[in-house]
Amino acid sequence: MDSKKEESTSDHSIPRKGSEDGKIEPHSPKSPEERLAALQDALKVDPGPNRWGWAAIQLYLITLVVCCCSGDSGFDTTVMGGINSMWQYQQYFNMTGVGKRTSLVFGIFTIGSLCGMIPASYFPDRFGRRFSMFFGNAVLIVGAVITANASNKGMFLGGRYLTGLGAACAGASAKSYLAEMAPANHRGAYLGFLNSFYYIGQMSATGMMVATGKWNNDLSWRLPLYIQTVPAGINVLFIFLCPESPRWLYSVGKSDQARLILANLHSKTRDINSPLIDLEMEEIAEKIQVDGADKRWWDFRPLFRTRANRYSAYMVILIGIFGQLSGNGLITYFLPILLQQAGITNQTRVLTLNFVNSVTSYIGALAGSFIIDRFGRRRILLVATSAVTVILAIVSGLLSSQGNTMRANAGISFIYLFMVVFSFGWTPMQALYPAEVLSYQARAKGLAFLGVVTQAASLINTFGMPVALEALHWKVYLIFMCWDLFEVIVIYLFVVETKGFTLEEIGEIFGQSNPKQFSSELLRNARQNRRAQVP
């Protein structure tokens, strides 16, 4: 059927071949089992683009532009962690690397991030996902330039505030955009790669500081702050060359454009009437309200209106808190200080080891991203969190004795292993899971809410950790070990498996009386059906 016949209607019925007027007749709601079976049947007819076909390459390039929003945050945390250990920076601002004044420098970024949740909850639904990324990164660039040129502490803090605001706004929009653009059967890899790009920012920053840390002037810490503008600048330049989210386009009455984008990126033949595209459009039509609460920026009721919404919101809170307080924040922000407390005091060696941590963490994050669609979200979270709990117990024992070089080196090795395992299990999930479990009406506000939860949890790292390290030293690891054990129990009891489902199907699962059990049974039945079909 010619795409010109695809006209948007008041109820957003979807055109399909075989109907007299070129529009789909209203469908009776499908059960989650029927939806999953329909998706599998559609994928048999249209399995999607070839891995290295033009449609896939387009989506890779789009993903790369969007990933710069994650690189923003990686740059900031690592740059500040690195320059916080530089004597040049400490001397210029009369800092020590720990204590209350350091808490303020790190914490003001978190306060800016919290404020960034206001535009992050409004702009994506009002102006589209692309504009919100553009706005956030533009503000970040201004903040980074102010920070890099700071001549006093007030100016430095002001730039840090703007940097946090911009990074939070851009990052929340990037998650919702990519979740809505990626194919259901590969969504884990795309969202995992988005959050893994955090470490690209880290590696760039730490690698540069190995060199600049040797300079005996202010440029040693100013230049890394300037370079923070690079990923943000790439996103600002190219984001409007990327297509808008099909789900957002549908929500503003542009169903023809939504269908065309889905066909170009999800269909092997780019056929707007492909069974796969028909199915995606049907599900979008059923779930997205043209005049829903997502249009009212102040209305956060979709997060808590129904039992399914509340369960999803609890999962968002879980990811936001656990993703920051598993011990990773301690290491990400304060690894140079931890190294010094373990007896490694040479600045060049500290910065080099900080760079090595970024590389190994990135390898772990990529590994998790590429297998998460195969092994599932729940299993990977359980294994990774259990492993980091054991690792923190070992680190606590090794670093409890000061002055023993062999034990200190072994403890540092396990700190590196901790970040590899954490990155493997948690880095892909922090972007993927919240974006999956939230309905369209709640997604932009829900991801903004995730940002609030994340930054609130980060306040413990940024304000409390410098003081705790100064007072407790190695005992801080014991606190995180006990907390991680609690995390394992909560994940086992409540986290719902979401792999392989479309965003709309996930919403149906959360509407069940026991989403965790229902999802497991659904996937088990699907596996049994596939085995039964094999001759």
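None of these values were measured; they are calculated from a predicted model. (Residues numbered from 1 in each chain as written. Predicted model: local features only at pLDDT ≥ 70, side-chain atom pairs only at ≥ 80, totals over all residues. Heavy atoms only, no water.)

**Q** Tell me about the overall build of the protein chain, residues and numbers included.
**A** Per the secondary structure count, the protein chain includes 23 helices and 0 strands. Sorting the 535 residues of the protein chain into buried and exposed places 59% on the buried side. Look at the contacts in the protein chain between residues 6 or more apart in sequence, and 79% of them connect residues 24 or more apart. (Helix = DSSP H or I, 4+ residues; strand = E, 2+ residues; numbered from the N terminus. Buried < 20%, exposed > 50% of the residue type's maximum accessible area, 1.4 Å probe, protein only. Contact = heavy atoms within 4.5 Å.)

**Q** How would you sum up the nonpolar core? Please name residues and give values.
**A** Membership of the largest hydrophobic core comes to 110 residues, with the highest contact counts inside it found for Y433 and F510. Looking at which element gives the most residues to this core, the answer is helix α20 (residues 440–472), with 10 residues. Apart from the residues lying within four places of it in its own chain, the contact partners of F510 are R307, A308, Y311, S312, M315, Y433, V437, V496, T498 and P515. (Core = buried A, V, L, I, M, F, W, Y, C linked by side-chain atoms within 4.5 Å.)

**Q** Pulling in residues and values, what's your account of the side chain of E280?
**A** Turning to its location among the elements, E280 is positioned in helix α13 (residues 275–287). With no salt bridge to any partner, buried E280 finds its closest opposite charge in R247, at an N-O distance of 4.8 Å. The contact partners of E280, leaving out residues within four places of it in the chain, are L262 and H266. (Lys, Arg positive; Asp, Glu negative; His and termini not counted. Salt bridge = Lys/Arg side-chain N within 4 Å of Asp/Glu carboxyl O.)

**Q** Would you mind going over the packing of helix α12 (residues 255–266) against α13 in detail, with residue names and values included?
**A** With their axes 10 Å apart at the nearest point, α12 and α13 run at an angle of 140° to one another. As summarised for this structure, α12 and α13 are arranged oblique, according to the angle between their axes. In this structure, the crossing between α12 and α13 has a hand that is right-handed. Facing S255, A258, R259, L262, A263 and H266 of α12, the residues of α13 in contact are L276, I277, D278, E280, M281 and I284. Of the residues in the contact of α12 with α13, the class split is 7 nonpolar, 2 polar and 3 charged. (Axes fitted to C-alpha atoms, helices over the stretch in contact; angles between N-to-C directions. Parallel < 35°, antiparallel > 145°, perpendicular 65-115°, else oblique. Left-handed = near helix turned anticlockwise from the far one by under 90°. Nonpolar A, V, L, I, M, F, W, Y, C, P; charged D, E, K, R; others polar.)

**Q** Explain a nonpolar patch on the surface residue by residue, including any values.
**A** There is a patch of nonpolar side chains on the surface, built from V230, I234, L237, F238 and L241 and spanning about 500 Å² of accessible area. Within the secondary structure layout, L241 lies in the loop between α10 (229–238) and α11 (246–251). Classification of L241 as exposed rests on a relative accessible area of 70%. (Patch = residues over 30% accessible without salt bridge, like charges linked within 9 Å, V, L, I, M, F, W, Y side chains within 5 Å. Areas by Shrake-Rupley, 256 points an atom, 1.4 Å probe, with all protein chains shown as cover.)

**Q** Please provide a residue-by-residue account of the packing of aromatic side chains, values included.
**A** One pass over the full model with this rule turns up 25 aromatic pairs. When the centroid spacing of 5.5 Å and the interplanar angle of 75° are considered together, the rings of F123 and F131 count as edge-to-face. A residue is classified by how much of its surface remains accessible, and F123, at 16% relative accessible area, is buried. With centroids separated by 5.2 Å and ring planes inclined at 55°, the aromatic side chains of F127 and F131 adopt a geometry described as tilted. (Phe/Tyr/Trp six-rings, centres within 6.5 Å; stacked < 30°, edge-to-face > 60°.)

**Q** Help me get a handle on the packing of helix α6 (residues 153–181) against helix α7 (residues 187–196), residues and values and all.
**A** The geometry of a pair of packed helices is captured by two quantities: the angle between their axes and the separation between those axes. Put simply, α6 and α7 touch, their axes get as near as 9 Å, and they point 155° apart. Classified by the angle their axes make, α6 and α7 are roughly antiparallel. α6 and α7 meet at a crossing whose hand is right-handed. In this structure, α6 contributes A174, K175, L178 and A179 to the contact, and α7 contributes R187, Y190, L191, L194 and N195. Of the residues that constitute the contact of α6 with α7, the class distribution is 6 nonpolar, 1 polar and 2 charged.

**Q** Before we move on, can you summarise the pattern of salt bridges with the specific residues and values?
**A** Two side chains of opposite charge can pair, provided their charged atoms sit close to one another. Following the criterion strictly, the structure yields 10 salt bridges and no others. Its salt-bridge partner being D125, residue K445 comes within 3.7 Å of it at the nearest N-O pair. Taken together, the residues span a long stretch of sequence, with K445 in helix α20 and D125 in helix α4 (residues 100–127) at a distance of 320 residues. Exposure class is identical for K445 and D125. Each is buried. If you follow the salt bridges from partner to partner, you end up with D125, R129, E180, R443 and K445 in one network.

**Q** A description of the environment of I363 should follow, citing residues and the corresponding values.
**A** With respect to the helices and strands, the residue I363 is situated in helix α16 (residues 347–375). Separated by 164 residues in the primary sequence, I363 and Y199 have C-alpha atoms spaced 9.0 Å apart.

**Q** A description of unusual backbone geometry should follow, citing residues and the corresponding values.
**A** Although it is not a glycine, R270 sits at a positive phi angle of roughly 60°. Within the secondary structure, R270 sits in the loop between α12 and α13. Overall, the relative accessible area of 33% leaves R270 in the partly exposed class.

**Q** So what's going on with α16? Residues and values would help.
**A** Three or four residues apart is the spacing at which side chains of an α-helix point the same way, because the helix has 3.6 residues per turn. Compared with an ideal rise of 1.5 Å per residue, which puts 29 residues at 42 Å, α16 spans 41 Å between its outermost C-alpha atoms and is within 8% of the ideal. The largest bend in α16 amounts to roughly 30° and is located at S369. Immediately beyond the C-terminal end of α16, within one or two residues, lies G376, with a positive phi of roughly 95°. (Expected span 1.5 Å × (residues − 1). Bend = angle between axes of the 7 residues up to and from the residue.)

**Q** Please set out the environment of G397 residue by residue, giving values where relevant.
**A** Mapped onto the elements of the fold, G397 is located in helix α17 (residues 377–399). Residues G397 and W474, spaced 77 residues apart in sequence, show a C-alpha to C-alpha distance of 8.8 Å.

**Q** For the state of the cysteines, give the residues involved together with the corresponding values.
**A** By the definition in use, this model includes 0 disulfides. Here C67 is not disulfide-linked; the sulfur of C68 is the nearest cysteine sulfur, at 7.5 Å. The cysteine C68 is free of any disulfide, with C69 supplying the nearest cysteine sulfur at 7.2 Å. (Disulfide = S-S within 2.5 Å.)

**Q** How would you sum up α4? Please name residues and give values.
**A** Along its 28 residues, α4 runs 40 Å from first to last C-alpha, staying within 8% of the 40 Å computed at 1.5 Å per residue. A maximum bend of about 30° is found in α4 at F106. With its phi angle positive at about 105°, G128 sits one or two positions after the end of α4.

**Q** Describe the environment of P124, with residues and values.
**A** Position of P124 relative to the elements: it lies in helix α4. Classification of P124 as buried rests on a relative accessible area of 1%. Sequence-wise, P124 and S173 are 49 residues apart; in three dimensions their C-alpha atoms are separated by 6.4 Å. Excluding residues within four positions of it along the chain, P124 makes contact with P119, R129, S132, S173, W248 and A444.

**Q** Got a sec to walk through the confidence of the model for the protein chain? Specific residues and values, please.
**A** Summarising the model, the protein chain shows a mean pLDDT of 82, and 86% of its residues fall at 70 or more. Put simply, helix α15 (residues 328–341) is where the protein chain has its lowest mean pLDDT, 69, and helix α5 (residues 129–148) is where it has its highest, 94. (pLDDT = per-residue confidence, 0-100.)

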